[in-house]
Amino acid sequence: MRMDMYIVRAIGPEGAEIVDGILTRPDIWQHVTDDGRGAPENFTVESVIEDSRNWYLLAIEDRHPEGRRIAALASIHPMNSATGQVHIVVEPWARGAVGMAAVRALARYALA
């Protein structure tokens, strides 16, 4: 689905490697491990992503001069039929206005 200058893509089990690659990078991992996950080499998203209730969404910037690049990742984990947890990772290069636009695109997609 296209959202302004972003392509939002849902990621299923076949995309676990993409999600792992983003979350376990040192510049990202230090910000997403406040829940005691330990070392990045011990983390795998496969068990989480295989649960069909969980969503992973990528916001891919479509108009960058160097080509398409992932700007943000959202993980959505339902807690019950009415509430859930949303975790968002914005790539370091996209932080600021670009990241905010990417997050808005993710939200529009998730709530559509």
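Please refer to the structure placed before this passage.
All of these numbers come straight from a predicted model, not from anything done at the bench.

Engineer: Tell me what's going on with the nonpolar core, and back it up with residues and numbers.
Structural biologist: Counting 15 residues, the largest nonpolar core has V19, L23, V45, Y56, L58, L73 and V89 as the members making the most contacts within it. Secondary structure elements with two or more residues in this core: β2 (6-11), α1 (16-23), α2 (26-32) and β3 (55-61). By residue number, the principal contributor to this core is α1, which donates four residues. Leaving out residues up to four positions away in the same chain, L73 has contacts with V19, I22, L23, Y56, L57, L58, H87, I88, V89 and L106.

Engineer: Which residues make up the pattern of salt bridges, and what values go with them?
Structural biologist: All chains considered together, the criterion is met by three salt bridges. In this structure, R25 engages E91 in a salt bridge whose closest nitrogen and oxygen atoms are separated by 2.6 Å. Here E91 lies in the loop between β5 (84-90) and α4 (97-111) and R25 lies in the loop between α1 and α2, a separation of 66 residues in the sequence. For D62, the salt bridge goes to R68, with nearest N and O atoms at 2.7 Å. R68 gets classed as exposed once you look at its relative accessible area, which sits at 56%.

Engineer: Quick one: what's the story with the pairing of strand β4 (residues 69-78), residue by residue and with numbers?
Structural biologist: Counting buried positions over the 10 residues of β4 gives seven, a clear majority of the element. Pairing analysis gives seven bridges linking β3 to β4, with the strands arranged antiparallel. Looking across to β4, one finds that E61 is bridged to R69. As paired elements, β4 and β5 share seven bridges and run antiparallel to each other. The partner of A74 across the bridge, within β5, is I88. The turn linking β4 back onto β5 is made up of five residues.

About the cut-offs
- Within any chain, residue numbers begin from 1 and follow the written order of that chain's sequence.
- In view of the model being predicted, local features appear only for residues whose pLDDT reaches at least 70, and side-chain atom pairs are presented and counted only at 80 or more, with totals across whole chains, interfaces and linings using the full set of residues.
- No hydrogens and no water enter the side-chain calculation; it runs on all heavy atoms of the structure.
- By convention a nonpolar core is built from buried Ala, Val, Leu, Ile, Met, Phe, Trp, Tyr and Cys residues, the set being connected through side-chain atoms within 4.5 Å.
- Categorising residues by exposure relies on relative accessible area from a 1.4 Å probe, with only protein chains included: less than 20% of the type maximum marks a residue as buried, more than 50% marks it as exposed, and the intermediate range marks it as partly exposed.
- Each helix corresponds to a stretch of at least 4 residues labelled H or I by DSSP, and each strand to a stretch of at least 2 residues labelled E; elements are numbered beginning at the N terminus.
- Residue contacts are counted whenever heavy atoms from the two residues lie within 4.5 Å of one another.
- The term salt bridge refers to a side-chain nitrogen of Lys or Arg lying within 4 Å of a carboxyl oxygen of Asp or Glu.
- In this description, strands pair whenever DSSP reports at least two bridges between them.

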